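The lines below spell out each chain.
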Amino acid sequence: GLLIAIFFTYSYSLKISESLNNQKNCICAYDGFGYYMYLPAVFSQNTLKMKKEWAQGLQNEYCDEIYAYQLIEQRNGNNIDVYHMGLSFVQLPSYLVADIFAKVLGYKNDGFSKPYQIAFLINALLFILFGIYYLRKLLLLFFNEKISAVLLLVTFFATNYYFTALYQYDLAHVYLFTLNTAFLLYLFKYSEERKKKYLIFSAIILGLTFAIRPTQVIWGVIPLIYLYNNKPNLSSFWKEILLFPLFAIIWNIPHLLYWKIVGGELFLPNLHTEEIILTDPNLIDFLFSYRKGWLLYTPVFILSFIGFFSLYKKNKLLFWSTITFSFLYIYILSSWECWWYASSFGSRPMTEAYPLLILPIGYLLGSTHQILVRIMIGLFIASTLALNLFQSEQCNRGILHHERMTKDHYWYIFGKLDFQNFNFSRLSIDINDTNWIENQKSVYRVENRKLFKLNKPITSKPFENLSVGNLVILDELETDESLIEINLSYKTSSSSQSTLLQLETCSKFNCYDWKSVELSLNETVNSIITKTFQFNLQHIRHNEDYLQMYLYNPNDVVIKIHSFEVRSKSIIRE
């Protein structure tokens, strides 16, 4: 454990040095900014009524103008942060220290200047070190020093926790890993020693994690099973188990007040365009796909599934709580529509569960006595450790892509750090780049199709929204790696009012991608206008998803469409 702590301390000392030397100034962007922005809003702006211009200004100044998408306008006109504020609670102490230093040393107290950068890094490092400390304590409850040392090595160097801790420390995963470890430690200690303080500590910590990410509610199954099986009577069970929702509510009161006061509603459960769809999980992709498959990029946890057999024989209570949690956790995470969880190496939300999922591997190691089997397991662990470190470096260098991996690109780069004529043509298409065909047609066949053509002219009268047509995408195309091209000709009766052609990708659950084309404002009146519009399809989330095309006409405008044709160009990976 000490050597692991020294490694991460040294790595973070280099990051701090880079910040001091102005080589890196961005504390956080993307999701990380969403978790963090409550603090600079309160302490530098004195309000939680955050403005999009303020958020974008910080990203422009410190983070290379990365788009600040975290605020969603509500019906009352105020903006609400998509992300929960719980992570800002654990970042608060370091922020307050940085705030003092910023004022004393004459830096901007905007949450992003030099003192905040240093404090942010130190805070992340402290949670990594606490994670090492708590995990060692947890492992020693079940295993001897030797097995615990092996499991520590596996957790921090043979899994994608390594990459997450070094390069994505602005996200919630490193913090949740530590908090989940501490929660488990105190819960198991309570189960053994029956000291009330351990139960209270575990309930406080798990309640805090609920305020960071709502999916942490899944962890509640573990105290439910443990406390029920260890209950002296039913009354004591209810007194114990109700501590967990009680502290969850207490930690979430500030966020509920934020929703009510700023957003105008007491409960705004999900402001993302993605949802958890339990009836349509992506289990196979989540576990095995080349894009982000958990077991493909962190294969050491194959041993965890094998270890369940040993766990069942040695500790049935831990077995049932672990296997129940594992099933629910993996199933629910794979049911999130954006099952690949954007930018990461492997499946980053799984890192939060490693304090529990590492335990079956320990039982496997402890129950293996045959020399040949031990050697095979040892070689497997060593190979997965080497693979993880190598692929983490590939991802750090941008060779292994953080979001667009494919089978072809995986094997193209496998085992390599240096290339001649390296290119990204085997990756999945960049949905933000409509010029991908020139790059990828040298490797793949590009198929052209005509998807839709209007049979006769149609007219949208004033204040009338008019459907042009719907396309069930995967009925028409082999793949969502497709460029859509729309060619239309039309007339408008007004150049001073707006009418939009809306192109929305929808499922039966929601719409998750929108494209708009202006047809009227500033256009020539009563003359034939021709337009061509191109866009890449979003990643299609369900087999029945469709592209709906319609005219949005909220004004006194007449739009007559004379012709309307939809064509596609798709990559065909043989």
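Coordinates for the structure precede this section.
Below, the structure is looked at part by part. These numbers were taken from a predicted model, which means no experiment stands behind them. (Residues numbered from 1 in each chain as written. Predicted model: local features only at pLDDT ≥ 70, side-chain atom pairs only at ≥ 80, totals over all residues. Heavy atoms only, no water.)

Observations concerning the layout of surface pockets
Put simply, the test is: Grid points spaced at 1 Å and placed over the protein atoms alone form the basis of the search, with a cavity being a set where a 1.4 Å probe fits but cannot get out and a pocket an open set showing protein on both sides within 12 Å along at least five of seven lines. Lining residues have an atom within 4 Å of a point. Grid points are joined across faces, edges and corners, and a volume is the space filled by probe spheres set on the points. Gly is placed with the polar residues, together with every amino acid not listed as nonpolar (Ala, Val, Leu, Ile, Met, Phe, Trp, Tyr, Cys and Pro) or charged (Asp, Glu, Lys and Arg).
The volume enclosed by the second largest pocket comes to roughly 950 Å³. Lining the second largest pocket are 37 residues, with Asp-285, Arg-291, Trp-339, Thr-479 and Asp-480 sitting closest to its centre. Residues of the lining of the second largest pocket, tallied by class, amount to 13 nonpolar, 10 polar and 14 charged.

With respect to a positive patch on the surface
Rules: Within the patch definition used here, like charges are joined within 9 Å and nonpolar side chains (Val, Leu, Ile, Met, Phe, Trp, Tyr) within 5 Å, considering only residues with over 30% relative accessible area and no salt bridge. Accessible surface area values rest on a Shrake-Rupley calculation with a 1.4 Å probe, where residue burial reflects the displayed protein chains alone. Every case where a carboxyl oxygen of Asp or Glu lies within 4 Å of a side-chain nitrogen of Lys or Arg is listed as a salt bridge. The positive count covers Lys and Arg only, the negative count covers Asp and Glu only, and His and the chain ends enter neither. Positions of charges follow a simple convention, taking NZ of Lys, CZ of Arg, CG of Asp or CD of Glu. Only DSSP runs of H or I covering at least 4 residues are called helices, and only runs of E covering at least 2 are called strands; the numbering of each starts at the N terminus.
Among the surface-exposed residues, Lys-450, Lys-453, Arg-567 and Lys-569 lie close enough to one another that they form a single positively charged patch. Of all elements in the fold, only β3 (445–453) and β11 (559–572) reach the threshold of two or more residues within the positive patch. With respect to the secondary-structure elements, Lys-453 resides in strand β3.

Comments concerning the state of the cysteines
Using the following cut-off: Disulfide: a pair of cysteine sulfur atoms within 2.5 Å of each other. Whether a residue is buried, partly exposed or exposed follows from its accessible area with a 1.4 Å probe, protein chains only, as a fraction of its type maximum: under 20%, in between, or over 50%, in that order.
Scanning the model with the defined rule gives 2 disulfides in all. For Cys-26, the disulfide goes to Cys-63, at an S-S distance of 1.9 Å. Looking down the S-S bond of the Cys-26 and Cys-63 bridge, the torsion is 90 degrees, so its handedness is right-handed. Of the two residues, Cys-26 is situated in the loop between α1 (2–20) and α2 (30–36) and Cys-63 in the loop between α4 (52–62) and β1 (71–73); the sequence distance between them amounts to 37 residues. Linked covalently through their sulfurs, Cys-506 and Cys-511 form a disulfide whose S-S length is 2.0 Å. Between Cys-506 and Cys-511, the S-S torsion sits near 95 degrees, and that sign places the bridge as right-handed. When its relative accessible area of 0% is taken as the criterion, Cys-506 is described as buried. Across the protein chain, the disulfide pattern expressed with sequentially numbered bonded cysteines is 1-2, 3-4. Lacking any disulfide linkage, Cys-28 is separated from the closest cysteine sulfur, that of Cys-26, by 6.3 Å. Cys-28 gets classed as buried once you look at its relative accessible area, which sits at 1%. Summary of cysteine pairing: Cys-395 is not part of a disulfide, and the nearest cysteine sulfur, belonging to Cys-338, is at 16 Å.

Topic: the pattern of salt bridges
The final tally for this structure, using the stated rule, is 19 salt bridges. Among the ionic pairs, Glu-193 bridges to Lys-189, the shortest N-O distance being 3.6 Å. With Glu-193 and Lys-189 both in helix α9 (residues 173–193) and 4 residues apart, the pair spans about one turn of that helix. Of the charged contacts, one joins Arg-573 and Glu-481 as a salt bridge, the two residues approaching to 2.8 Å between their closest N and O atoms. In this pair, Arg-573 sits in the segment after β11 while Glu-481 sits in the loop between α23 (473–476) and β6 (482–492), placing the two residues 92 residues apart along the sequence. The class for Arg-573 is partly exposed, based on a relative accessible area of 26%. One salt-bridge network, in which partners are shared between bridges, spans Arg-445, Glu-447, Arg-449 and Glu-478.

Considerations on the environment of Lys-314
Stated precisely, the cut-off is as follows: Any two residues having at least one pair of non-hydrogen atoms within 4.5 Å are treated as being in contact.
For Lys-314, the location among the structural elements is in helix α16 (residues 302–314). Residue classification places Lys-314 among the exposed positions, given a relative accessible area of 59%. On a C-alpha basis, the gap between Lys-314 and Ile-277 in space is 36 Å, while along the polypeptide they are 37 residues apart. If we ignore the near neighbours within four places in the chain, the residues touching Lys-314 are Tyr-363 and Ser-367.

A closer look at the packing of helix α10 (residues 196–212) against helix α13 (residues 243–263)
Here is the rule: Whenever a helix is involved, its axis is fitted only over the stretch in contact; in every case the axis is a line through C-alpha atoms, and angles between N-to-C directions fall within 0 to 180 degrees. The labels follow the angle: roughly parallel below 35 degrees, roughly antiparallel above 145, roughly perpendicular from 65 to 115, and oblique for the rest. Handedness of a helix crossing follows the sense of rotation of the near helix relative to the far helix, less than a right angle counterclockwise being left-handed and clockwise being right-handed.
Viewed as axis vectors pointing N to C, α10 and α13 meet at an angle of 45 degrees, and their least axial separation amounts to 7 Å. Judged on the interaxial angle alone, α13 and α10 are oblique. Note that α10 runs across α13; the crossing there is right-handed. Listed contacts from α13 to Lys-196, Leu-199, Ile-200, Ser-202, Ala-203, Ile-204, Leu-206, Gly-207, Leu-208, Phe-210 and Ala-211 of α10 are Leu-243, Phe-244, Phe-247, Ala-248, Trp-251 and Asn-252. Class assignment for the residues of the contact of α10 with α13 results in 13 nonpolar, 3 polar and 1 charged.

Re helix α6 (residues 114–140)
Every α-helix winds through 3.6 residues per turn, so residues three or four apart in the chain are directed the same way. Test applied: A helix is expected to reach a length of 1.5 Å times the quantity of its residues less one.
For α6, built from 27 residues, the straight-helix expectation of 39 Å at 1.5 Å per residue is met to within 8% by its first-to-last C-alpha distance of 40 Å. Most of α6 is tucked away: 19 of the 27 residues are buried.

Concerning a nonpolar patch on the surface
Judged by side-chain polarity, Val-97, Ile-100, Phe-101, Val-104, Leu-105 and Tyr-107 come together as a nonpolar surface patch covering roughly 620 Å² of accessible area. Position of Leu-105 among the secondary structure elements: in helix α5 (residues 86–105). What makes Leu-105 exposed here is its relative accessible area of 54%.

Focus: the environment of Ser-289
Heads up, the condition is: Here a polar contact is recorded for every N or O atom pair within 3.5 Å, except that within protein the pair must consist of a potential hydrogen donor and a potential acceptor, and residues adjacent in sequence are included only if both atoms are side-chain atoms.
Inspection of the secondary structure puts Ser-289 in the loop between α14 (283–288) and α15 (294–297). Remark: the alpha-carbon pair of Ser-289 and Lys-407, spanning 118 residues in sequence, is separated by 8.3 Å. If we ignore the near neighbours within four places in the chain, the residues touching Ser-289 are Ile-284, Leu-296, Tyr-297 and Trp-339. Here Asp-285 takes part through its backbone oxygen, which lies 2.8 Å from a polar atom of the side chain of Ser-289. Within the structure, the side chain of Ser-289 is placed 3.3 Å from the backbone nitrogen of Lys-292, a separation counted as a polar contact.

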